[in-house]
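Chain by chain, the residues run as shown.
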Amino acid sequence: MENLNDKVYGIIAQTLNIPVESIGPELGIGMIDQWDSMGNMAVIAALEEQLGIEFPIEDLFDLNFVEAIIEEIEKIS
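Attention in this report is confined to the structure presented alongside it. (Residues numbered from 1 in each chain as written. Predicted model: local features only at pLDDT ≥ 70, side-chain atom pairs only at ≥ 80, totals over all residues. Heavy atoms only, no water.)

Description of the pattern of salt bridges
Close approach of charged atoms lets side chains of opposite charge pair. Tallying each qualifying case throughout the model produces two salt bridges. Between D59 and K75 there is a salt bridge, with its nearest N and O atoms 3.8 Å apart. On the criterion of sequence distance, the pair formed by D59 in the loop between α2 (37-51) and α3 (66-76) and K75 in helix α3 is long-range, its members being 16 residues apart. Residue class for K75 comes out exposed when judged on its relative accessible area of 58%. (Salt bridge = Lys/Arg side-chain N within 4 Å of Asp/Glu carboxyl O. Helix = DSSP H or I, 4+ residues; strand = E, 2+ residues; numbered from the N terminus. Buried < 20%, exposed > 50% of the residue type's maximum accessible area, 1.4 Å probe, protein only.)

Considerations on the packing of helix α1 (residues 4-16) against α2
Packing of α1 against α2 brings their axes to within 9 Å, and their N-to-C directions diverge by 130°. As the angle between them shows, α1 and α2 are arranged oblique. For the element pair α1 and α2, the recorded crossing hand is right-handed. Residue-level inspection shows K7, V8, I11, I12, Q14, T15 and L16 of α1 in contact with α2, the latter providing G39, A42, V43, A46, L47, Q50 and L51. A class-by-class count of the residues in the contact of α1 with α2 yields nine nonpolar, four polar and one charged. (Axes fitted to C-alpha atoms, helices over the stretch in contact; angles between N-to-C directions. Parallel < 35°, antiparallel > 145°, perpendicular 65-115°, else oblique. Left-handed = near helix turned anticlockwise from the far one by under 90°. Contact = heavy atoms within 4.5 Å. Nonpolar A, V, L, I, M, F, W, Y, C, P; charged D, E, K, R; others polar.)

A closer look at the packing of α1 against α3
Here α1 crosses α3 at 125°, and the two axes come no closer than 11 Å. Looking at the two axes, α1 sits oblique to α3. For the crossing formed where α1 meets α3, the hand is right-handed. Between α1 and α3, the contacting residues are L4, N5, V8, Y9 and I12 on the first element and V66, I69, I70, I73 and E74 on the second. Class assignment for the residues of the contact of α1 with α3 results in eight nonpolar, one polar and one charged.

This is how it looks when you write it as structure tokens:
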């Protein structure tokens, strides 16, 4: 069974069109060309759709790193 980290990494990789191997907890917005502000919006939208969740709007600006995204998903799930 796929764990949460693997699911999130896969969704981010697919959304940004990057290898899943290049994703780790420290990867964040602005660290790679594909993950700019528009890429971040695409990542958030893809995660919400594919995981069936909705991030609280007041927390969206804090979701700048993979680790923060996973922590938020665990908090709201």
